[in-house]
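Letter by letter, the chains look like this.
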Amino acid sequence: MAAAIALTVILALLAVFQLALALGAPIGRFAWGGSHRVLPTRLRIGSLVSIVIYAVIAVLALDRVDLIDVVPDAVSAVGMWIVFGYFVLGIVMNAVSRSKPERYTMTPVVLVLAVLSLLVALS
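J.: Describe in detail helix H1 (residues 2-22), supporting the description with residues and values.
T.: Given a rise of 1.5 Å per residue, 21 residues ought to cover 30 Å, and the 30 Å separating the end C-alpha atoms of H1 matches this to within 8%. When H1 is considered as a whole, its buried residues turn out to be Ala 3, Ala 4, Leu 7, Leu 11, Leu 14, Ala 15, Phe 17, Gln 18, Leu 21 and Ala 22. Taken end-on, H1 shows its buried residues confined to a sector of 165 degrees, consistent with a single buried face. Exposed residues pointing more than 90 degrees away from the buried face of H1 are listed as Ala 2, Leu 13 and Val 16. Buried residues in H1 make contact with helix H2 (41-64), helix H3 (73-95) and helix H4 (100-122). Just downstream of H1, Gly 24 is the residue with a positive phi angle, here 100 degrees.

Right, here's the structure in full:
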């Protein structure tokens, strides 16, 4: 249960970060390859989509540990394994980013998310 709550808290913080990006905050070097200080429209839309994805992941995690009951158990069980794979891919993508701020900040964050999602998937 603690892993699901920690995962949800980190995702909420990342959602705030993505919202700031979508609203034009000059912190683009930490996301989307780091090549834009302020994101262009298409990446701002991507940031908004990311917030929706984070919300879905949080629901799956909380459902998996029975803190909420929104989706069938099989959906949250399989879904959390997909989330784990998504975060493993995220580790690789952030680790190879040309942006040092993104590489050094987001790679460890996504590593933590991957470990937490694995713990939730195994529960």
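J.: Can you break down a nonpolar patch on the surface residue by residue, with the values?
T.: A surface patch of nonpolar side chains, amounting to about 480 Å² of accessible area, comprises Met 1, Ile 5, Val 9, Leu 13 and Leu 67. Note that Ile 5 resides in helix H1.

J.: Describe the side chain of Ser 97, and please don't skip the residues or the numbers.
T.: Among the secondary structure elements, Ser 97 is positioned in the loop between H3 and H4. We classify Ser 97 as buried; its relative accessible area is 8%. A polar side-chain atom of Ser 97 sits 3.1 Å from the main-chain amide nitrogen of Ser 99.

J.: I'd like to hear about the layout of surface pockets, residue by residue, with values.
T.: Considering only enclosed or pocket space, the largest pocket measures out at about 660 Å³ in volume. Taken together, the elements giving at least two residues each to the lining of the largest pocket come down to H1, H2, H3 and H4. Here the lining of the largest pocket gets 6 residues from one element, more than from any other, and that element is H3. Class assignment of the residues belonging to the lining of the largest pocket gives a composition of 16 nonpolar, 8 polar and 2 charged.

About the cut-offs
- Residues numbered from 1 in each chain as written.
- Predicted model: local features only at pLDDT ≥ 70, side-chain atom pairs only at ≥ 80, totals over all residues.
- Heavy atoms only, no water.
- Helix = DSSP H or I, 4+ residues; strand = E, 2+ residues; numbered from the N terminus.
- Expected span 1.5 Å × (residues − 1).
- Buried < 20%, exposed > 50% of the residue type's maximum accessible area, 1.4 Å probe, protein only.
- Arc of directions from axis to C-beta.
- Contact = heavy atoms within 4.5 Å.
- Patch = residues over 30% accessible without salt bridge, like charges linked within 9 Å, V, L, I, M, F, W, Y side chains within 5 Å.
- Areas by Shrake-Rupley, 256 points an atom, 1.4 Å probe, with all protein chains shown as cover.
- Salt bridge = Lys/Arg side-chain N within 4 Å of Asp/Glu carboxyl O.
- Polar contact = N/O pair within 3.5 Å; in protein donor to acceptor, adjacent residues only side chain to side chain.
- 1 Å grid on protein atoms, 1.4 Å probe; cavity = no way out; pocket = protein on both sides within 12 Å on 5 of 7 lines; lining within 4 Å.
- Points joined across faces, edges and corners; volume = space filled by probe spheres on them.
- Nonpolar A, V, L, I, M, F, W, Y, C, P; charged D, E, K, R; others polar.

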